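# Structure assessment
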Amino acid sequence: MIRKLIFCCMLGLLLVTQMAGQQNDTIAITFNFKFREEKLALRKNYISQTKDTLQISVLKYYVSDFQIVFEDATVIKSKNVAHLMDLENPKSLKITLNGDPKKIISKITFQVGIDSLASVSGAMSGDLDPTKGMYWAWQSGFINMKLEGKSSSCLTRKNEFQFHVGGCLNPYYALRKVVLEVKKSNPEITVDLAELFSKIKLLETNSILIPGKKAMKMADYSQQMFKTE
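Here's what I pulled together on the structure shown here. (Residues numbered from 1 in each chain as written. Predicted model: local features only at pLDDT ≥ 70, side-chain atom pairs only at ≥ 80, totals over all residues. Heavy atoms only, no water.)

This brings us to the side chain of Thr190. Checked against the element boundaries, Thr190 lands in strand 15 (residues 188-192). We classify Thr190 as buried; its relative accessible area is 3%. Discounting chain neighbours no more than four positions away, the residues touching Thr190 are Asn32, Lys34, Met225, Phe226, Lys227 and Glu229. (Helix = DSSP H or I, 4+ residues; strand = E, 2+ residues; numbered from the N terminus. Buried < 20%, exposed > 50% of the residue type's maximum accessible area, 1.4 Å probe, protein only. Contact = heavy atoms within 4.5 Å.)

So this is what it looks like as structure tokens:
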């Protein structure tokens, strides 16, 4: 009886140890939204490099094909098709992958948006559910990035600007790849909206709602928002 009790205790301890190890064998990458050095907040005034005073009310974008490359050349990938980053939902700003948190990361790569195959497959579940407000139709696919707000520079109704950037077919294919060099074990990714707004004047560009040349330029600008801390 005593031997059985000791065996059960040892077995239980082993299981707890294994579970603890599994919980710790994860790598979390956090996305931090900023406007220059200041933490980005909804409906707060910021001044862009082009002298536009603006505030943001909606900021969402998809990250897909997320990969971490280690110094030993091993690679781990996210199992999810896509992650929807939403400034209004802090929990969405962290991606967790199974891996050794002690290993040094050398590179992080991901796509901003959804690839053409997923787009023409139609709306899906999870972060790709159409109730998330990021799906146009099978002809145009998903909205890769949705950015909305207000600025006194916009001569529009209620001084609003709307950028819905997407497009899943050439010549207006809006998917963009980001490659970030890293030399640490637990990096954080900064998303600096000041970089994007430094490329546009809201008086001239304040509405992008369909795939096209303007959407392609905005997709190019979106690549420059990302850097590692």
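Next comes the rest of the write-up.
With that settled, the discussion passes to the pattern of salt bridges. The final tally for this structure, using the stated rule, is 5 salt bridges. Where Lys199 meets Glu195, a salt bridge forms, and the shortest distance between an N and an O atom there is 3.7 Å. Judged by its relative accessible area of 33%, Lys199 falls in the partly exposed class. (Salt bridge = Lys/Arg side-chain N within 4 Å of Asp/Glu carboxyl O.)

A few words on unusual backbone geometry. Cis geometry is found at the peptide bond from Asn170 to Pro171, where omega equals 5°. Take Pro171: it is sitting in the loop between strand 12 (168-169) and strand 13 (172-173). Despite not being glycine, Arg36 shows a phi value in the positive range, around 60°. Of note, Arg36 is situated in the loop between strand 1 (26-35) and strand 2 (38-39). Within the chain, Lys51 stands out as a residue other than glycine whose phi angle is a positive 70°. Here Lys51 shows up in the loop between strand 3 (46-47) and strand 4 (53-70).

So, on to a nonpolar patch on the surface. A contiguous nonpolar surface patch, about 290 Å² in accessible area, is contributed by Leu117, Val120 and Leu169. Tracing the backbone shows Val120 in helix 2 (residues 116-120). Given a relative accessible area of 41%, Val120 falls into the partly exposed group. (Patch = residues over 30% accessible without salt bridge, like charges linked within 9 Å, V, L, I, M, F, W, Y side chains within 5 Å. Areas by Shrake-Rupley, 256 points an atom, 1.4 Å probe, with all protein chains shown as cover.)

The next subject is helix 4 (residues 213-223). Every α-helical turn comprises 3.6 residues, leaving residues that sit three or four positions apart pointing alike. Taken together, the buried positions of helix 4 are Ala215, Met216, Met218, Ala219 and Ser222. When helix 4 is viewed along its axis, its buried side chains cluster within an angular range of 165° and face the same direction. Residues of helix 4 that are exposed and point over 90 degrees away from its buried face: Lys213, Lys214 and Lys217. (Arc of directions from axis to C-beta.)

Attention shifts here to the nonpolar core. By size, the foremost hydrophobic cluster in this structure holds 50 residues, and its most contacted members are Phe31, Phe110, Leu193, Phe197 and Phe226. Top element by residues in this core is strand 4. It accounts for 8 residues. Contacts of Phe31, omitting those with residues within four sequence positions, involve Tyr61, Val63, Phe66, Met85, Leu93, Ile95, Phe110, Ile189, Val191 and Phe226. Among the nonpolar cores identified, the runner-up in size contains 10 residues, and Ala82, Leu84, Ile114 and Tyr135 belong to it. (Core = buried A, V, L, I, M, F, W, Y, C linked by side-chain atoms within 4.5 Å.)

Along the chain, the position of Gln67 falls in strand 4. Given a relative accessible area of 16%, Gln67 falls into the buried group. At 3.1 Å, the side chain of Gln67 forms a polar contact with the side chain of Asp65. If we ignore the near neighbours within four places in the chain, the residues touching Gln67 are Val75, Ile76, Lys77, Lys107, Ile108 and Thr109. (Polar contact = N/O pair within 3.5 Å; in protein donor to acceptor, adjacent residues only side chain to side chain.)

Right, let's talk about the packing of aromatic side chains for a bit. This structure, assessed with the given rule, holds 12 aromatic pairs. Judged by centre distance (5.6 Å) and plane angle (75°), the ring pair of Tyr61 and Phe226 falls under edge-to-face. Taken together, the residues span a long stretch of sequence, with Tyr61 in strand 4 and Phe226 in strand 17 (residues 226-228) at a distance of 165 residues. The residues Tyr61 and Phe226 share a single accessibility class, namely buried. Measuring from ring centre to ring centre gives 5.3 Å for Phe110 and Phe226, while their planes differ by 80°; the resulting arrangement is edge-to-face. Taken as a pair, Phe110 in strand 8 (residues 105-112) and Phe226 in strand 17 lie far apart in primary sequence, 116 residues in all. Here the two residues Phe110 and Phe226 agree in accessibility, since each one is buried. Site record: aromatic cluster; members linked through ring pairs are Phe31, Phe33, Tyr61, Phe66, Phe110 and Phe226. (Phe/Tyr/Trp six-rings, centres within 6.5 Å; stacked < 30°, edge-to-face > 60°.)

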